[in-house]
Amino acid sequence: MNNGSLFPLDQAQIAVIGLGYVGLPLAVEFAKKYPTIGFDISSNRINQLAIGVDNTLEVEDELLQSVLSKDLIGLQNNNKGLFPTEQLEAIADCNVYIVTVPTPTDKHNRPVLTPMLKASKSISKVLKKGDVVIYESTVYPGVTEDECVPVLEQASGLQFNKDFFVGYSPERINPGDKEHTVAKILKVTSGSTPEAANFVDELYKSVITAGTFKASSIKVAEAAKVIENSQRDINIAFVNELSKIFNLLQIDTHEVLEAAGTKWNFLPFRPGLVGGHCIGVDPFYLAQKAQEVGYHPEIILAGRRLNDSMGKHVATEVIKHMMRKDLKVMESKVLILGFTFKEDCPDVRNTRVIDIYQELKNFDIEVDVYDPWASPEEIAHEYGIAVIDKAQKPELDHYSAVILAVAHKAFKNWDIQKSAHQVVYDVKGVLKKEKVDARL
């Protein structure tokens, strides 16, 4: 391969910036073939990884331990492996920097680029001639070149596309999915010059068994990523709206979708809460950029509004069913099963289960939350909620209503069923119809 002024691929020394749900699995894959340093600003995270433990559960501890290097000298001697660190100087000898930090929104749903810009500033302090910086964080088109590159140039004193190069290869990891792991998901790649694009593509192709797709430009790759999740958000919003309509018509939504799904080209989306750090956030990035250029997106924002309304809708429906059974609402006890943003995953970031909780609390209802996957400490820190200890399975008959909010496999074997004295509401539609009062 001809990389122009770029170094040969077998000389790559990789630094992955941000070791969360996206960064760690990627770093582990690269560590199987290249000397790889994982950088994160969290001391707790680094200390945990250093002993071969991943509390996100994205990487098996045995696999993590198999690629770990105890020190930089060992990493260099083996010419592959992973060394986690919080020391910036440890990545100074790297020549490929891959940024996998979060891109959240603020309370007004505006994009927050601070983590990316801070990561760029850190990299600029060690950036050298010939280095390549690759961004994986989800952004709107233009962020890499218009926002991050100036930060790299200013602090380093180097010139873009002359002294250093950039690429963009959007992450596609699905948290908690043990089938579609990072190496098994086709990777979109791009670069700031044709040579850089080739280098980035070949670098990922060397570890991604599913292969790569080289986009024509960085902006195309950025746009492709942001519409992937926006499309999914809109499709879920459609079936969520259907569930509201069919509920008023007293028709079971899941039975309608099952019937419609017999047509070969019907898309199999199901109603539910839409949270997490991707689908519930990324559409706002595209909407922000659209508004900057004078276009007000209608479908994208309408889908976001509808999906964000579903937690309140669930709470309202539960209260209606309680009233129909002459159950006391105010000062009653309700149990929410599941708090993470998706099933069989410990991630509670941007979970919309919190909307159900808060709406029920508005009616002076005592709400308990139980989740066998989530960290009680993290929930307390992020949301100020004390949850039932994982080791203490709650007594279901102590509650006037039980809401199955997250379809953890652990819940499917529980004896959950409606009675004259209890409402059962199934948000995910995983329980048998005859056992519940309603499902979304």
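The structure presented is a predicted model; accordingly, all values stated were derived computationally and were not measured.

Caption draft 1: Summary view of the overall build of the protein. Looking only at helices and strands, one finds 14 helices and 13 strands in the protein. Its C-alpha atoms give the protein a radius of gyration of 24 Å, near enough to 22 Å, the size a compact globule of 440 residues would have. Each principal axis of the C-alpha atoms in the protein carries an extent, and together these give about 75 × 50 × 40 Å. For the protein, with 440 residues in total, the buried portion stands at 56%. In the protein, the proportion of contacts linking residues at least 24 apart, taken out of those at least 6 apart, comes to 69%. On the protein, roughly 20,200 Å² of surface is accessible, and the fraction owed to carbon and sulfur atoms is 51%.

Caption draft 2: The arrangement of empty space enclosed by the protein in detail. Under the counting rule described, the total for this entry stands at one cavity of 30 Å³ or more. When its volume is computed, the largest cavity comes out at roughly 60 Å³. When the residues that make up the lining of the largest cavity are grouped by side-chain class, the tally is five nonpolar, no polar and four charged.

Caption draft 3: Representation of the pattern of salt bridges. Summed over the entire model, instances satisfying the criterion amount to 19 salt bridges. Of the charged contacts, one joins R45 and D54 as a salt bridge, the two residues approaching to 2.9 Å between their closest N and O atoms. Using a relative accessible area of 9% as the deciding quantity, one classes R45 as buried. Residue D131 pairs with K128 through a salt bridge whose shortest N-O separation is 3.0 Å.

Caption draft 4: Quick look at the layout of surface pockets. Here the second largest pocket defines a volume of roughly 1,100 Å³. Considering every element that reaches the lining of the second largest pocket, the biggest residue donor is helix α8 (residues 218-248), with five residues. A breakdown of the residues in the lining of the second largest pocket according to their chemical character gives 17 nonpolar, 11 polar and 12 charged.

Caption draft 5: Fine view of the pairing of strand β6 (residues 165-168). Neither face of β6 is open: one carries F165 and G167, the other V166 and Y168, and all of them are buried. Sheet analysis places strand β5 (residues 132-135) next to β6, joined by four bridges and oriented parallel. Each bridged residue has a counterpart across the sheet, and for Y135 the counterpart in β6 is Y168. Each parallel crossover has a hand, and for β5 linked through helix α6 (residues 143-156) to β6 it is right-handed.

Caption draft 6: Broad picture of the UniProt feature "domain: UDP-glucose/GDP-mannose dehydrogenase C-terminal" (unreviewed entry) in the protein. This chain's UniProt record puts "domain: UDP-glucose/GDP-mannose dehydrogenase C-terminal" (unreviewed entry) on residues 335-433. Across residues 335-433, helical content stands at 17% and strand content at 16%; the span's end C-alpha atoms are separated by 19 Å.

Caption draft 7: Here's a closer look at the side chain of R304. Mapped onto the secondary structure, R304 falls in helix α11 (residues 299-308). The exposure class assigned to R304 is buried, which follows from its relative accessible area of 2%. Engagement of the side chain of R304 in a polar contact is seen with the backbone oxygen of G280, the distance being 3.4 Å.

Caption draft 8: The sheet that holds strand β1 (residues 14-17), seen in detail. The parallel open sheet is built from six strands, whose spatial order is β3-β2-β1-β4-β5-β6. Taken across any chain shown, the strands that pair with only one partner, and hence form the sheet edges, are β3 (81-85) and β6. Along the sheet, successive strands turn relative to each other by an average axial angle of 20 degrees, direction set aside. Note that strand β2 (residues 35-39) and β3 share five bridges and pair parallel. The residue of β3 that forms the bridge with I37 is F83. The sheet contacts of α6 involve β5 and β6, and relative to β6 the element is tilted by about 145 degrees.

Caption draft 9: View of helix α5 (residues 114-124). For α5, the complete set of buried residues consists of M116, A119, S120, I123 and S124. What you see down the axis of α5 is that its buried residues fit within an arc of 140 degrees, all on one side. At its buried positions, α5 is contacted by β1, β4 (96-99), β5 and α6.

Caption draft 10: Broad picture of the sheet that holds strand β13 (residues 438-439). Across the sheet, five strands lie side by side as β10-β9-β11-β12-β13; this open sheet has parallel pairing. Of all the strands in the sheet, just β10 (366-370) and β13 have a single pairing partner and so form its edges. The pairing of strand β11 (residues 401-404) with strand β12 (residues 423-426) spans four bridges and is classified as parallel. Opposite V402, over in β12, you have V424 as the bridge partner.

Thresholds applied
Residues numbered from 1 in each chain as written. Predicted model: local features only at pLDDT ≥ 70, side-chain atom pairs only at ≥ 80, totals over all residues. Heavy atoms only, no water. Helix = DSSP H or I, 4+ residues; strand = E, 2+ residues; numbered from the N terminus. Rg over C-alpha atoms; globule rule 2.2 N^0.38 Å. Buried < 20%, exposed > 50% of the residue type's maximum accessible area, 1.4 Å probe, protein only. Contact = heavy atoms within 4.5 Å. Areas by Shrake-Rupley, 256 points an atom, 1.4 Å probe, with all protein chains shown as cover. 1 Å grid on protein atoms, 1.4 Å probe; cavity = no way out; pocket = protein on both sides within 12 Å on 5 of 7 lines; lining within 4 Å. Points joined across faces, edges and corners; volume = space filled by probe spheres on them. Nonpolar A, V, L, I, M, F, W, Y, C, P; charged D, E, K, R; others polar. Salt bridge = Lys/Arg side-chain N within 4 Å of Asp/Glu carboxyl O. Pairing = 2+ DSSP bridges. Right-handed = clockwise from strand over helix to strand, strands pointing away. UniProt positions renumbered as here; feature names shortened; annotations may be inferred. Polar contact = N/O pair within 3.5 Å; in protein donor to acceptor, adjacent residues only side chain to side chain. Axes fitted to C-alpha atoms, helices over the stretch in contact; angles between N-to-C directions. Arc of directions from axis to C-beta.

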